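Residue-level structural notes
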Amino acid sequence: MLSGLFSFGFMINAFLATTAVALVAGPVGYVLVLRQQSFAGHALSHVGFTGATGAVLLGLPPLWGLVGMTLLAGLAMGLLGERLAGRDVAIGLVLALSLGLGLLFLHFFTAYASQATALLFGNVFGVDRPTLLTLAGLGLVTLAGLAAIARPLLFASLQPELAEARGVPVRLVSVLFLGLVALATAGCAQIIGVLLVFTLMVAPAATAQRLSGRLGIGVGMALSAALALLQGWGGLVLAYETDWPASFWITALSGACYGLALLRRPFRSRRRGPDPLPAR
Amino acid sequence: MTDAVLFDGVRLEHPGGRVVLSGVDLRIPAGAFVGLLGANGAGKTTLMRAILGLLPPRAGSIALFGRRAARGSNLVGYMPQMRAALSVSLSGRALVSAAVNGRRWGTALPVASRRREVDRVLELVGAEALASRPLDELSGGERQRLLLAQCLIGDPRLLLLDEPLNSLDPSRQAELVALVRRLQREHGITVLFSAHELNPLLGALDQVLYLAGGHAALGSVDSVVTSETLSRLYGAPIEVIRSGGRIFVLPGAPGLERAA
Ligand SMILES: Nc1ncnc2c1ncn2[C@@H]1O[C@H](COP(=O)(O)OP(=O)(O)OP(=O)(O)O)[C@@H](O)[C@H]1O
Ligand SMILES: [Mg+2]
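Everything numeric in this text was worked out from a predicted model, so none of it was measured. (Residues numbered from 1 in each chain as written. Chains lettered and ligands numbered in written order. Predicted model: local features only at pLDDT ≥ 70, side-chain atom pairs only at ≥ 80, totals over all residues. Heavy atoms only, no water.)

Right, let's talk about the overall build of chain A for a bit. When helices and strands are tallied, chain A shows 13 helices and zero strands. Listing each helix as α and each strand as β along chain A from the N terminus yields α-α-α-α-α-α-α-α-α-α-α-α-α. Expressed as a percentage of its 280 residues, the buried residues of chain A come to 53%. A fraction of 77% describes how many contacts in chain A between residues 6 or more apart in sequence connect residues 24 or more apart. Of the roughly 12,200 Å² that chain A leaves accessible, carbon and sulfur atoms contribute 71%. (Helix = DSSP H or I, 4+ residues; strand = E, 2+ residues; numbered from the N terminus. Buried < 20%, exposed > 50% of the residue type's maximum accessible area, 1.4 Å probe, protein only. Contact = heavy atoms within 4.5 Å. Areas by Shrake-Rupley, 256 points an atom, 1.4 Å probe, with all protein chains shown as cover.)

In structure tokens:
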């Protein structure tokens, strides 16, 4: 019954686009979770919504607005550093404001109601050739960037003070990383929608982290990419079979995988290190 | 032999303008085990950050082994004061190996030289078995040993250990002090070891560096930890009681009843 799956051009595009996005979201998300910045990543996608709707308003391709705005916001967030990136309230506000602004932009373009749904919840079957190429290009750039900063990034994520003392430009690394998160987020938003970016960026990464703790960071990142890929593909197949939205299936699969990972090792309350000192 | 650490008229200020230490002159000889003591906020961490080159002195100069202290020096190993971080489900080995050439751009590949360096430091602290377990399952003392291994990466000649005894029970404290003492002896490493309590360190110390009231006093335990020196340092009466091989530092005027 799956035989007809690849007889449609849009289906092939959807698979290729999901592949390009998942292979990036997996490893970038892994580091995002390691740095406990997943909420920041979530907010970035919402800023992307403002960018996309703003671009539509200006007659530009929404993907450009999406990429441009998330990148800008990511770099800004990195520059503001801990003052913003670690603050739930500030991030939550940015998130809400972005959605509000996006809504306002859409209001001027009532004809784009379906576009709003596509932006918010994704439209993987609507990916055309140029979009696919853009996504692949974005993915390559992001992965190359991650490979270029991986070592100091991981060191600074695990042991910021030690890394700083050893000469790692901690601030620069964190700005660059949020830039990469922004690019990865923009890609994810194209597939699964800005509201559900968490599903591809964070869920596979968190699952991988639970499963691969003993095996090292490299294995964890690879596993995270593999999970994102399988969940993405699985979502497409199930959507094809059921005619339900692919985004729903991807969230369901990633939630199920995370749930299974939780079962594998009983959940313990996280032990906080003793003497939690306020940042200098 | 050059001194491991040389402070010459050093004044340390935080960016906000808060003066933490001023007019500090000290010479820590290479190979010494120095206990760094002082109350909360006395400036222990600040002093270490200055030695690391992260907080350049406002006045005076700091030299390490005859060279001006600068950020990113390979001569110095650092174990930061424990923060709430590190409760990740990642193996100890992954944590330790993140520090190997950690400042170099690019991606760290699992090459043999990297593995050897990690094995070497794990063996130094006897943490080979711990290294395969997830960090968030380790006890405080076990984690501390891994962090010690991590700061030995690159074979530093000076170790700055910021309150490594926090949250350890007395026997683990003694173990860790003995371990650091052994490393210091066998490898000729200079150690600056900060703590709130003097007693766990007593058997290991060559010298004690006391911080109080913006000033510092360095010397043997017998010369520094006295009612006279500490009262001068704090600018307030301090009582020092020696009893059964242990030393108690108490606020209060000498001559008051010794009930504590
Ligand atoms: N980044 C900073 N900006 C301004 N003041 C700071 C900063 N960091 C520390 N201080 C101040 O400098 C003083 C010394 O702080 P420091 O952290 O060095 O003390 P400490 O001896 O390590 O204390 P503890 O035993 O609590 O670790 C304190 O009064 C503190 O408030
Ligand atoms: Mg301190």
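On to the nonpolar core. Counting 167 residues, the largest nonpolar core has A:Met201, B:Leu148 and B:Leu192 as the members making the most contacts within it. Looking at this core, the element that brings in the most residues is helix 1 (residues 9-34) of chain A, giving 14 residues. The two domains that each donate at least three residues to this core are domain 1 (1-75 + 156-223) and domain 2 (85-155) of chain B. The residues touching B:Leu192, leaving out its near neighbours within four places in the chain, are B:Ile28, B:Val34, B:Leu36, B:Leu47, B:Met48, B:Ile51, B:Leu159, B:Leu160, B:Leu161 and B:Leu209. (Core = buried A, V, L, I, M, F, W, Y, C linked by side-chain atoms within 4.5 Å. Domains from an automatic or database assignment.)

The next point concerns the site of ligand 1. Around ligand 1, 15 residues are found, and the nearest of them are B:Asn40, B:Gly41, B:Lys44, B:Thr45 and B:Thr46. Residues close to ligand 1 are split across chains A and B. Here an oxygen atom of ligand 1 and a backbone polar atom of B:Gly43 are 2.9 Å apart. Surface burial for ligand 1 is 75%, taken as the share of its 630 Å² of free accessible area covered by protein chains. No other element matches helix 1 (residues 44-51) of chain B, which puts three residues into the shell around ligand 1. Residues of the shell around ligand 1, tallied by class, amount to three nonpolar, eight polar and four charged. (Near = heavy atom within 4 Å. Polar contact = N/O pair within 3.5 Å; in protein donor to acceptor, adjacent residues only side chain to side chain. Nonpolar A, V, L, I, M, F, W, Y, C, P; charged D, E, K, R; others polar.)

Turning our attention to the interface of chain A and chain B. Of the residues lining the interface, 39 residues belong to chain A; the matching set on chain B comes to 47 residues. Of the roughly 4,000 Å² buried at the junction of chain A and chain B (both faces included), carbon and sulfur atoms supply 52%. Linking chain A to chain B there are one salt bridge. A salt bridge links B:Arg49 to A:Glu164; the nearest nitrogen and oxygen atoms lie 3.6 Å apart. Linking chain A with chain B are 10 residue pairs in polar contact (both at pLDDT 80 or more), by the criterion used here. Counting residues per element, the ones that place at least two in the side of chain A that touches chain B are helix 1, helix 7 (129-158), helix 8 (160-165), helix 9 (170-192) and helix 11 (203-212) of chain A. Among the elements that take part in the side of chain A that touches chain B, helix 7 of chain A stands out by supplying eight residues, more than any other. (Buried area = accessible area lost by both parts, 1.4 Å probe. Salt bridge = Lys/Arg side-chain N within 4 Å of Asp/Glu carboxyl O.)

Looking now at the side chain of B:Glu117. Relative to the helices and strands, B:Glu117 resides in helix 3 (residues 112-124). Setting aside residues up to four positions removed in sequence, B:Glu117 forms contacts with B:Val100, B:Leu152, B:Ile153, B:Gly154 and B:Asp155.

Residue and element names in this part refer to chain B. The mixed open sheet is built from six strands, whose spatial order is 6-7-8-3-9-10. For this open sheet the edge positions go to strand 6 (76-79) and strand 10 (215-219), each flanked by a neighbour on one side alone. Strand-to-strand twist of the sheet, defined as the mean angle between neighbouring strand axes without regard to direction, takes the value 15 degrees. As defined by bridge partners, strand 3 (residues 33-37) adjoins strand 9 (residues 207-212) across four bridges and the pair is classed as parallel. For leucine 37, the partnering residue across the bridge sits in strand 9 and is tyrosine 210. Strand contacts of helix 7 (residues 227-234): strand 9 and strand 10, with the helix running at about 35 degrees to strand 9, the strand carrying the most contacts. (Pairing = 2+ DSSP bridges. Axes fitted to C-alpha atoms, helices over the stretch in contact; angles between N-to-C directions.)

Either a parallel or an antiparallel arrangement is found when strands of a sheet pair, and the pairing is made through backbone hydrogen bonds. All names here are of chain B. Strand order in the open sheet made by the four strands is 2-1-4-5, with antiparallel pairing throughout. Each edge of the open sheet is held by one strand with a lone partner, namely strand 2 (19-29) and strand 5 (67-68). Inspection of the sheet shows strand 1 (residues 3-13) paired to strand 4 (residues 59-64) by five bridges, in the antiparallel sense. Looking at strand 4, one finds that valine 5 is bridged to leucine 64. Where helix 1 meets the sheet, its contacts fall on strand 1, strand 2 and strand 4, and the angle it forms with strand 1 comes to roughly 115 degrees.

The subject of this paragraph is the coordination of the magnesium ion (ligand 2). When a metal carries six donors in an octahedron, the ideal angles between them are 90 or 180 degrees, while four donors in a tetrahedron ideally lie at 109.5 degrees. Residues and elements named next belong to chain B. Within the first shell, the magnesium ion (ligand 2) binds the protein through Thr45 (OG1) and Gln81 (OE1), at distances of 1.9 to 2.3 Å. Taken together, the positions of threonine 45 in helix 1 and glutamine 81 in the loop between strand 6 and helix 2 (92-97) put the pair 36 residues apart, joining distant regions of the chain. Exposure remark for threonine 45: the relative accessible area of 17% places this residue in the buried category. According to the relative accessible area criterion, glutamine 81 is buried, its value standing at 7%. (Donors = N, O, S within 2.8 Å, 3.2 Å for Na, K, Ca; no water.)

Reports often express the size of an interface as the amount of accessible area lost when the parts come together. Residue and element names in this part refer to chain B. Here the domain parsing of chain B yields domain 1 (1-75 + 156-223) and domain 2 (85-155). For domain 1 versus domain 2, the separation of C-alpha centres amounts to 24 Å. Taken together, the contact pairs 18 residues of domain 1 with 13 residues of domain 2. Interface of domain 1 and domain 2: buried area, both sides summed, is about 1,100 Å²; carbon and sulfur atoms make up 66% of it. Among the residues domain 1 hides against domain 2, the three largest losses belong to Pro156, Leu179 and Leu183. Together they make up 37% of the total. Scanning the region where domain 1 abuts domain 2 turns up zero salt bridges. Where domain 1 touches domain 2, the interface holds four residue pairs in polar contact (both at pLDDT 80 or more). Contributing elements (two or more residues each) for the side of domain 1 that touches domain 2: strand 7 (158-161) and helix 5 (170-187). Broken down by element, the side of domain 1 that touches domain 2 gets its largest block of residues, six residues, from helix 5. By residue class, the composition of the side of domain 1 that touches domain 2 is 11 nonpolar, four polar and three charged.

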